[in-house]
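The lines below spell out each chain.
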Amino acid sequence: MSLHHRSVQSFITGSLIGTLAGLIGLGGAEFRLPVLVGMFKLPTLEAIILNKAMSLVVVTAALIFRARQIPFDQQLAHYGITLNLLAGSLIGAWWAAGHAMTMSRVWLNRIIMVLLAGLSLVMLSEAWFDLHDGVTALFDAGPLRLAAGLIAGFGIGVVAALLGVAGGELLIPTIMLLYGLDIKLAGSLSLTVSLPTMFVGFARYTRSDAFAILRHEQMLFRWMVLGSILGAALGGLLLGLMPTGLLMTLLGFVLLISSIKTFQHAH
């Protein structure tokens, strides 16, 4: 495949993923990972690192775009929630990234396949059972909710580090269920938790030889990031043209099939 053809392909796939993810309020990293491994034939750890670098750029852009709807001062009013989840997610991301670098590629592929399949089931559950309706906190403010936030944050940090994702598909329902916030505010708070969590995982990966992928695949990185950002903006404009539940169902099945097909045979 020529460099030009590869760049065009990365831009188109980034745009498509960004548009579909933008329609349902995700960053799209969970869909980029199977594409990086399956279509562009990158080794799994290298694909995770490249995906995480892309996610950092896309999430930063999303946080800026959303500031018009949910001002930063409104997010700061809920700093306790952010700190509660961050306390767990930063530890989870650091721990998981360290283990990913020393783990055998076979086991890394198996774990990623299970995690991606799990995320697809989360998407399908949200589509079928409309989990975004309830805004009543699961626990009252206190030690129990604090502990639940730490545990949930740790798990989300692990997933974010291993997949290179922002974790919004897990953070948003967690924030809504644990703290009783509406979906728009939960979406913005999830980004403020995601960004530092991804930075920690990314910093941890700098110790790996696989980090050199950022130098070797600069064109792929640039074109896919550009496509992802443009696609996310387009997805926001098209919001409402297609039923979210139907779209999430389709993407949930696509993610489930692609994750099993890709990482079952990845080397």
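For the structure, see preceding data.
A brief look at the structure comes next. (Residues numbered from 1 in each chain as written. Predicted model: local features only at pLDDT ≥ 70, side-chain atom pairs only at ≥ 80, totals over all residues. Heavy atoms only, no water.)

### Considering the overall build of the protein chain
Consideration 1: Regarding its fold elements, the protein chain presents 12 helices and 0 strands.
Consideration 2: Scanning the protein chain from its N terminus toward the C terminus, one meets helices and strands in the order α-α-α-α-α-α-α-α-α-α-α-α.
Consideration 3: For the protein chain, the residues scored as buried account for 51% of the 267 residues in total.
Consideration 4: Contacts in the protein chain between residues at least 24 apart in sequence constitute 84% of all its contacts with a sequence separation of at least 6.
Consideration 5: Surface accessibility of the protein chain: about 12,400 Å² in total, with carbon and sulfur atoms responsible for 71%. (Helix = DSSP H or I, 4+ residues; strand = E, 2+ residues; numbered from the N terminus. Buried < 20%, exposed > 50% of the residue type's maximum accessible area, 1.4 Å probe, protein only. Contact = heavy atoms within 4.5 Å. Areas by Shrake-Rupley, 256 points an atom, 1.4 Å probe, with all protein chains shown as cover.)

### Some remarks on the pattern of salt bridges
Consideration 1: Enumeration according to the criterion identifies 2 salt bridges in this entry.
Consideration 2: With a shortest N-O distance of 2.6 Å, Arg-6 and Glu-217 are connected by a salt bridge. Separated by 211 residues along the polypeptide, Arg-6 in helix α1 (residues 3-24) and Glu-217 in the loop between α10 (213-216) and α11 (218-237) bring together distant segments of the chain. When sorted by exposure, Arg-6 lands in the same class as Glu-217, which is buried.
Consideration 3: Glu-46 is the partner of Arg-105 in a salt bridge, and the nearest nitrogen-oxygen pair spans 3.4 Å. With Arg-105 in helix α6 (residues 105-129) and Glu-46 in helix α3 (residues 44-66), the pair connects residues that are 59 residues apart, well separated along the chain.
Consideration 4: A relative accessible area of 15% places Glu-46 in the buried class. (Salt bridge = Lys/Arg side-chain N within 4 Å of Asp/Glu carboxyl O.)

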